[in-house]
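Residue strings, one per chain:
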Amino acid sequence: MSKSLKIELNLERFENPEELPQDAQDLLLAAVEAREAAYAPYSNFHVGAALLLANGKIIKGNNQENAAYPSGLCAERTAVYYAGANYPNEEIVMMAISAKAKAKETAVPIPPCGACRQALAEYEVKQARPIAVYFRGGSGPILKSSSVENLLPLLFTQKFL
């Protein structure tokens, strides 16, 4: 006989950026700046991400599209891979994400896609420390997850290999 398994996400909701701690406000602003520079001529969906490293450095990334669609890359992975390549021993403290569609209002929090959650989870597991993730649309409320694992329950990690 099968049994049910219930998985819940625990998120904090903030109605506006002023409710966030100052470091999270600064990071969200950096994500918005990155979003504005995104290269998204095909989807017209601009995403910016910003990471705060333990050394205080902020790393920004944005989505980069390509006419050969699978060749593009999301903002979150652009930022985390840059950090991994250039600061391989620095822990990621938190990430902020801002996403905005050109054709319509995006006033709801837009979380990272599944592929980005998996990529971020790799770094969270590697550093054995949670990465807080703040995410927002072009406007509206902000959601915070205290960790990537909270956003991606039942992680696939190296322990399965």
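Higher on the page you've got the structure.
The structure reproduced in this document is the subject of the present report. In this text, all values refer to a predicted model and were calculated from it rather than measured experimentally. (Residues numbered from 1 in each chain as written. Predicted model: local features only at pLDDT ≥ 70, side-chain atom pairs only at ≥ 80, totals over all residues. Heavy atoms only, no water.)

## Remarks on the overall build of the protein
Phase 1: Along the protein, the regular secondary structure elements total four helices and six strands.
Phase 2: Along the protein, from the amino end to the carboxyl end, the secondary structure elements read β-α-β-β-α-β-α-β-β-α.
Phase 3: Here the C-alpha atoms of the protein give a radius of gyration of 16 Å, agreeing with the 15 Å that 2.2 N^0.38 yields for 161 residues.
Phase 4: Expressed as lengths along the three principal axes of its C-alpha atoms, the size of the protein is roughly 50 × 35 × 35 Å.
Phase 5: Relative to its 161 residues, the protein shows a buried fraction of 43%.
Phase 6: Working note: accessible area of the protein is about 8900 Å², and carbon and sulfur atoms make up 54% of it.
Phase 7: With 16 positive and 17 negative side-chain charges, the protein shows a separation of 5 Å between the mean positions of the two kinds. (Helix = DSSP H or I, 4+ residues; strand = E, 2+ residues; numbered from the N terminus. Rg over C-alpha atoms; globule rule 2.2 N^0.38 Å. Buried < 20%, exposed > 50% of the residue type's maximum accessible area, 1.4 Å probe, protein only. Areas by Shrake-Rupley, 256 points an atom, 1.4 Å probe, with all protein chains shown as cover. Lys, Arg positive; Asp, Glu negative; His and termini not counted. Charge placed at Lys NZ, Arg CZ, Asp CG, Glu CD.)

## Thoughts on helix 3 (residues 114-127)
Phase 1: Compared with an ideal rise of 1.5 Å per residue, which puts 14 residues at 20 Å, helix 3 spans 20 Å between its outermost C-alpha atoms and is within 8% of the ideal.
Phase 2: Within helix 3 the residues assigned to the buried category are Cys116, Arg117, Ala119, Leu120, Ala121, Tyr123, Glu124 and Gln127.
Phase 3: Along its buried surface, helix 3 packs onto helix 2 (75-86), strand 4 (92-101) and helix 4 (148-151).
Phase 4: One or two residues past the end of helix 3 sits Ala128, with phi positive at roughly 50°. (Expected span 1.5 Å × (residues − 1). Contact = heavy atoms within 4.5 Å.)

## Side note on the sheet that holds strand 1 (residues 11-14)
Sheet strands line up and pair through hydrogen bonds in the backbone, either parallel or antiparallel.
Phase 1: Strand order in the open sheet made by the six strands is 1-6-5-4-2-3, with mixed pairing throughout. The open sheet is flanked by strand 1 and strand 3 (58-62), the only strands paired with a single partner. Mean inter-strand twist for the sheet, computed between neighbouring axes without regard to direction, equals 20°.
Phase 2: Helix 1 (residues 22-36) contacts strand 2 (45-53), strand 3, strand 4, strand 5 (132-136) and strand 6 (142-145) of the sheet and is inclined by roughly 45° relative to strand 4. (Pairing = 2+ DSSP bridges. Axes fitted to C-alpha atoms, helices over the stretch in contact; angles between N-to-C directions.)

## Digging into the layout of surface pockets
Phase 1: For the largest pocket, the calculated volume is near 170 Å³.
Phase 2: Within the residue set of the lining of the largest pocket, elements represented by two or more residues are strand 2, helix 2 and strand 4.
Phase 3: Here the residues of the lining of the largest pocket sort into 11 nonpolar, one polar and one charged. (1 Å grid on protein atoms, 1.4 Å probe; cavity = no way out; pocket = protein on both sides within 12 Å on 5 of 7 lines; lining within 4 Å. Points joined across faces, edges and corners; volume = space filled by probe spheres on them. Nonpolar A, V, L, I, M, F, W, Y, C, P; charged D, E, K, R; others polar.)

## With respect to the nonpolar core
Phase 1: With 25 residues, the main nonpolar core has Leu51, Ile92 and Ile97 as its most contacted residues.
Phase 2: Those elements giving two or more residues to this core turn out to be strand 2, helix 2, strand 4, helix 3, strand 5 and helix 4.
Phase 3: Apart from residues lying up to four places away in sequence, Leu51 is in contact with Leu27, Lys57, Ile58, Ile59, Ala79, Val80, Ala83, Ile92, Met94 and Met95.
Phase 4: In this structure, Leu27, Leu28, Ala96 and Tyr134 belong to the second largest nonpolar core, which totals 14 residues. (Core = buried A, V, L, I, M, F, W, Y, C linked by side-chain atoms within 4.5 Å.)

## Observations regarding unusual backbone geometry
Phase 1: At Asn44, a position not held by glycine, the phi torsion is positive, near 55°.
Phase 2: Positionally, Asn44 belongs in the loop between helix 1 and strand 2.
Phase 3: We classify Asn44 as partly exposed; its relative accessible area is 32%.
Phase 4: The backbone phi angle of Leu154 is positive, close to 60°, even though this residue is not glycine.
Phase 5: For Leu154, a relative accessible area of 68% puts it in the exposed group.

## Some details on the pattern of salt bridges
Phase 1: Per the stated rule, a full pass over the model turns up six salt bridges.
Phase 2: Here Glu8 and Lys6 are joined by a salt bridge, their closest N and O atoms 3.4 Å apart.
Phase 3: In this structure Lys6 comes out as exposed when scored by relative accessible area, which is 67%.
Phase 4: With a shortest N-O distance of 2.6 Å, Arg35 and Glu36 are connected by a salt bridge.
Phase 5: Among the residues examined, Glu36 registers a relative accessible area of 52% and is labelled exposed. (Salt bridge = Lys/Arg side-chain N within 4 Å of Asp/Glu carboxyl O.)

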